[in-house]
Amino acid sequence: MKSIFIDCALGISGDMLASALLDLGVPNSILLNNLVSLNVDKNYYVNFNEGNSEGIKGIVCTKPEIQVKELFRSLNDIKNLLIDSSLNDYVKKKSIRVFEILAEAEAVVHGKEISDVHFHEIGSIDSILDIVNVCSAIDFLNPDKIYFSKPPAGKGTIATSHGLLPVPVPTVLEIARQNKIPLMVLDEEYFGEITTPTGIALLATFVDEFGLPDNIYIKKIGIGLGSKNISRPNFLRVLLLNMNEDYKENNNNNPAYETIISQEAWIDDSTPEDIAILTERLRSAGAIDVVCYSVDMKKNRKGICIKAIVSLGNETLLREVWFNYSTTIGLREKKINRWILPRRTVCHETKFGKVNVKQVIRPNGQVSIKIEHKDLTQISFNTGIPIEEIRQKLFIELSEFYELDGFSF
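Residues numbered from 1 in each chain as written. Predicted model: local features only at pLDDT ≥ 70, side-chain atom pairs only at ≥ 80, totals over all residues. Heavy atoms only, no water.

## Side note on the overall build of the protein
- Each helix and strand in the protein was counted, giving eleven helices and 18 strands.
- In terms of C-alpha radius of gyration, the protein reaches 28 Å, well past the compact-globule figure of 22 Å for 409 residues.
- Projected onto its principal axes, the C-alpha coordinates of the protein cover approximately 90 × 55 × 45 Å.
- Looking at the 409 residues of the protein, the share that counts as buried comes to 45%.
- Counted over contacts in the protein with a minimum sequence separation of 6, partners at least 24 positions apart contribute 70%.
- With 45 positive and 53 negative side-chain charges, the protein shows a separation of 4 Å between the mean positions of the two kinds. (Helix = DSSP H or I, 4+ residues; strand = E, 2+ residues; numbered from the N terminus. Rg over C-alpha atoms; globule rule 2.2 N^0.38 Å. Buried < 20%, exposed > 50% of the residue type's maximum accessible area, 1.4 Å probe, protein only. Contact = heavy atoms within 4.5 Å. Lys, Arg positive; Asp, Glu negative; His and termini not counted. Charge placed at Lys NZ, Arg CZ, Asp CG, Glu CD.)

## A word on the sheet that holds strand β14 (residues 302-311)
- A sheet is described by the order of its strands in space; here four strands give the open sequence β13-β14-β12-β15, paired in antiparallel fashion. On the outer flanks of this sheet lie β13 (289-296) and β15 (332-340), each paired with one strand and no other. Mean inter-strand twist for the sheet, computed between neighbouring axes without regard to direction, equals 30°.
- When strand β12 (residues 256-267) meets β14, the two strands line up antiparallel, connected through eight bridges. (Pairing = 2+ DSSP bridges. Axes fitted to C-alpha atoms, helices over the stretch in contact; angles between N-to-C directions.)

## Side note on the packing of aromatic side chains
- In total, this model carries one aromatic pair according to the counting rule given.
- The interplanar angle of 50° and the centroid separation of 4.8 Å between the aromatic rings of Y257 and W339 together place this pair among those described as tilted. In this pair, Y257 sits in strand β12 while W339 sits in strand β15, placing the two residues 82 residues apart along the sequence.
- For Y257, a relative accessible area of 15% corresponds to the buried category.
- The ring of F191 has K155 lying over it, and the distance from NZ or CZ to the ring centre is 4.9 Å.
- Across from the ring centre of W266, 4.8 Å away, lies the NZ or CZ of R332, which sits over that ring. (Phe/Tyr/Trp six-rings, centres within 6.5 Å; stacked < 30°, edge-to-face > 60°. Lys NZ or Arg CZ within 6 Å of the ring centre and 35° of its normal.)

## Digging into the pattern of salt bridges
- Inspection of every chain in the model, using the stated rule, returns 17 salt bridges.
- Here E209 makes a salt bridge to K145, at a shortest N to O gap of 2.9 Å. Placement of the pair is E209 in strand β9 (residues 209-210) and K145 in strand β6 (residues 145-148), with a sequence separation of 64 residues.
- Note on E209: relative accessible area 27%, which makes it partly exposed. (Salt bridge = Lys/Arg side-chain N within 4 Å of Asp/Glu carboxyl O.)

## Details of the pairing of strand β7 (residues 157-160)
- Two strands pair when backbone bridges link them, and β7 and strand β8 (residues 163-166) are joined in this way by four bridges, in the antiparallel orientation. The partner of T160 across the bridge, within β8, is G163.

## Remarks on the state of the cysteines
- Overall, the coordinates contain zero disulfides when judged by the stated rule.
- C61 takes part in no disulfide bond, and the closest cysteine sulfur, belonging to C135, lies 15 Å away.
- C305 takes part in no disulfide bond, and the closest cysteine sulfur, belonging to C292, lies 8.0 Å away.
- Judged by its relative accessible area of 0%, C305 falls in the buried class. (Disulfide = S-S within 2.5 Å.)

## Points about the pairing of β6
- Of the two faces of β6, the one carrying K145 and Y147 and the one carrying I146 and F148 are both buried.
- With four bridges joining them, strand β1 (residues 2-7) and β6 adopt parallel strand pairing. Bridging from a neighbouring strand, I4 pairs with I146 of β6.

## Regarding the sheet that holds strand β17 (residues 353-361)
- Taking strand neighbours across the sheet as the criterion, the three strands line up as β16-β17-β18 in an open arrangement whose pairing is antiparallel. What marks the edges here is a single partner per strand, and that holds for β16 (343-350) and β18 (367-371). Sheet twist, expressed as the average angle between the axes of neighbouring strands with direction ignored, equals 35°.
- Relative to β17, β16 runs antiparallel, the two sharing eight bridges. What sits directly across from R343, in β17, is V360.
- Sitting on the sheet, helix α11 (residues 387-397) touches β16, β17 and β18, and the angle it makes with β18 is about 145°.

## Focus on the side chain of K92
- Within the fold, K92 resides in helix α4 (residues 89-110).
- Buried charge without a salt bridge: K92, with D89 as the nearest opposite-charge side chain at an N-O distance of 4.7 Å.
- Every residue in contact with K92, bar those within four places of it in the chain, is listed here: L82, I83, S85 and L87.

## Here's the deal with the confidence of the model for the protein
- For the protein, per-residue confidence averages 87 on the pLDDT scale, and 90% of positions sit at 70 or higher.
- At the level of individual helices and strands, the protein shows its lowest average pLDDT in strand β5 (residues 118-119), which scores 78, and its highest in helix α7 (residues 197-206), which scores 96.
- Contacts of residues 246-251 to residues separated by more than four positions or lying in other chains number eleven contacts, the stretch itself having pLDDT below 50. (pLDDT = per-residue confidence, 0-100.)

## With respect to the nonpolar core
- Ranked by size, the top nonpolar core spans 65 residues in total, and within it L17, L21, F99, I175, L236 and V238 carry the most contacts.
- In terms of residues, this core owes the most to one element, helix α5 (residues 125-141), which gives ten residues.
- Formed by 16 residues, the second largest nonpolar core is a distinct cluster that contains I261, L282, A287 and W322. (Core = buried A, V, L, I, M, F, W, Y, C linked by side-chain atoms within 4.5 Å.)

## A closer look at the environment of L164
- Locating L164 in the fold gives a position in strand β8.
- Residue L164 is classed as exposed on the basis of its relative accessible area, which comes to 63%.
- For L164, the contacting residues outside a window of four places in its chain are T157, I158 and A159.

Right, here's the structure in full:
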């Protein structure tokens, strides 16, 4: 499962995030093609170059200060610009959502209807392109989940088209309030804006969860630099993660460490038949395993504890099963860790016919096998031979079946 973590603890803006995604491996051509897709003035250009901020190397986005004459744009103006472009549907949809978040906040700040909101700095081609670049970069990466750190509030004042405003500016605060985004206070000497309206609107659009996952396997890191020279490093970083490769060793015999989800409910108002159907639905929906056992509940009622073990990324689907196909009105859920050995299931031709066999490699290199019980049962029904006798004969026949290719976790 591929995810990305956007570490914006030192600040976030549209161009910093686009630069970091470019440094992560998004082809430069994708961002350059957005100029053509948006039908931007041919004299307008954006450069992404290597740079450093207080010794930290990364990519910085540079734009000439005055290139084309800018007009104030309404939300509908920007929507039409995006809809009429040759951008793909995903990038159009996400870019429009970013501007809707901005417009919803601006409407509250200025006491206007959303249709009457006109963007000033945010409506410039610079900001439109930053937003489109980020959306197209994330479309290219296609992560399963996007994590963000908490963005910093900043402090001080900043000059805007509305005059001098406190930091964080009203639009940033309103976006944080509307979207329940926690702002972090940094203990630093710099006074100025470090979380921009465009940056926090992009965060609100793409965030799935705040904070770094418990266990991560980092595949690549991208660094985007800010254009301001301040008293400390000014950068944002994006980590490309593989969530299910934590702590795997080069030796294929070693166990792998992974994070999974445990879901649990206690039920005292369902029949045994209903519980049996629920467990089958949970397994069919992708649960790794489901177990049930008796528990004593309130008022001395006997109930059933049902636990499902779920892969990361599949928990939402399983929640739907719990709440739609059981009587529970609550669900306990937590992350747990486990170690697993490399294994595979193969179909092998024997004197009794085809049987499915699970093979597992132990850390000492020994390969153990287990024959699928339903196959043993079917052979016993067909031949009249006891299951244990069939098992022993198959173990002898399969004792040399130790090919090591094709194992996985």
